[in-house]
Amino acid sequence: MTDDAYLFLLDDASAPLGVAPAAVGDLPSLETPAVRAWLAAQGSTVTSPHLRLLPPEERAAVPKGAERLPLRLSDEELNLVRHRMAPESPARVEEELLTYRDYADGRDGLIGRALAAGVPPHRIVELTGVDPATVTAAAGR
């Protein structure tokens, strides 16, 4: 176990502070009677968009006056919270963009192969989400 994290309620659910417990997944720590009683006293639930969780090193960021509850998290739970709070890596996003480009660059060839194999145009539209005009244009090539 680690130092206490904090479970707290935000007035503004759109504030980018902490992580929503529902976004982390099933945390056994949230199923304890103490947490359930605290949530009930606040008129809240684990899935509330106002409910947030911060790891121990970030607990100073809990707004003054916010309803809060210290929460013991296992190392595994704490890692999940930290992972959800970390911004997405630019390198990872760039990798996804390159993958998308590779698929987009070969899209017309793939559509042409599908048409040649006998896949009906309407089915290609359903499977790919491309505009029907794109399928028609690929068929003409």
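Everything that follows concerns the structure shown earlier in this document.
Thresholds, definitions, all that
- Residues numbered from 1 in each chain as written.
- Predicted model: local features only at pLDDT ≥ 70, side-chain atom pairs only at ≥ 80, totals over all residues.
- Heavy atoms only, no water.
- Helix = DSSP H or I, 4+ residues; strand = E, 2+ residues; numbered from the N terminus.
- Rg over C-alpha atoms; globule rule 2.2 N^0.38 Å.
- Buried < 20%, exposed > 50% of the residue type's maximum accessible area, 1.4 Å probe, protein only.
- Pairing = 2+ DSSP bridges.
- Axes fitted to C-alpha atoms, helices over the stretch in contact; angles between N-to-C directions.
- Parallel < 35°, antiparallel > 145°, perpendicular 65-115°, else oblique.
- Contact = heavy atoms within 4.5 Å.
- Core = buried A, V, L, I, M, F, W, Y, C linked by side-chain atoms within 4.5 Å.

Trainee: Is there a simple way to think about the overall build of the protein chain in this case?
Mentor: Across its full length, the protein chain holds seven helices and three strands. Ordered by position from N to C terminus, the α and β elements of the protein chain give β-α-α-β-β-α-α-α-α-α. Its C-alpha atoms give the protein chain a radius of gyration of 24 Å, clearly above 14 Å, the size a compact globule of 141 residues would have. If you line up the protein chain on its principal axes, its C-alpha atoms span 65 × 30 × 25 Å. Classification of the 141 residues of the protein chain by burial places 29% in the buried group.

Trainee: Help me understand the environment of P120 in this model?
Mentor: Note that P120 resides in the loop between α5 (107-116) and α6 (121-128). The exposure class assigned to P120 is partly exposed, which follows from its relative accessible area of 34%. Between the C-alpha atom of P120 and that of P70, which follows or precedes it by 50 residues, the distance is 59 Å.

Trainee: Sorry, what's going on with the environment of T32 here?
Mentor: Inspection of the secondary structure assignment puts T32 in the loop between α1 (21-24) and α2 (33-42). The spatial distance from the C-alpha of T32 to the C-alpha of R92 is 36 Å, given a sequence separation of 60 residues.

Trainee: Before we go on, may I ask you to explain the pairing of strand β2 (residues 51-54) in this structure?
Mentor: Note on strand geometry: in a regular strand, side chains alternate between the two faces of the sheet. Neither face of β2 is left uncovered, since the one carrying L51 and L53 and the one carrying R52 and L54 both have all their residues buried. Strand direction decides the pairing type here: strand β1 (residues 5-9) and β2, joined by four bridges, are antiparallel. If you follow L9 over to β2, its bridge partner there is L51.

Trainee: Where do I start with the packing of α5 against helix α7 (residues 132-139) in this structure?
Mentor: Geometrically, a packed helix pair is captured by the angle between its two axes and the distance between the axes. For the pair α5 and α7, interaxial distance at closest approach is 9 Å and the crossing angle is 75°. Classified by the interaxial angle, the pair formed by α5 and α7 is roughly perpendicular. Of the residues in α7, those touching α5 at R107, D108, I111 and L115 are T134, V135, A138 and A139.

Trainee: Is there a simple way to think about the nonpolar core in this case?
Mentor: Note on soluble globular proteins: their nonpolar side chains tend to be buried together. Counting 18 residues, the largest nonpolar core has L7, L30, V35, W38, L53, L71 and L73 as the members making the most contacts within it. For this core, the secondary-structure elements that each account for two or more residues are β1, α2, β2, β3 (68-71) and α3 (75-85).

Trainee: Help me understand the sheet that holds β2, please; the structure alone is not making it clear to me.
Mentor: Adjacent strands of a sheet form backbone hydrogen bonds with each other and so pair up, either parallel or antiparallel. Taken in spatial order, the three strands make up an open sheet running β2-β1-β3, and their pairing is antiparallel. The sheet is open, and its two borders are formed by β2 and β3, each paired with just one other strand. The mean angle between the axes of side-by-side strands here comes to 20°, regardless of whether they run parallel or antiparallel.

Trainee: I would appreciate a short explanation of the pairing of β3 in the present structure.
Mentor: Burial along β3 is one-sided: the face carrying L69 and L71 is buried and the face carrying R68 and P70 is not. Here β1 runs beside β3; their pairing, made up of four bridges, is antiparallel. From the neighbouring strand, F8 faces β3, where its bridge partner is R68.

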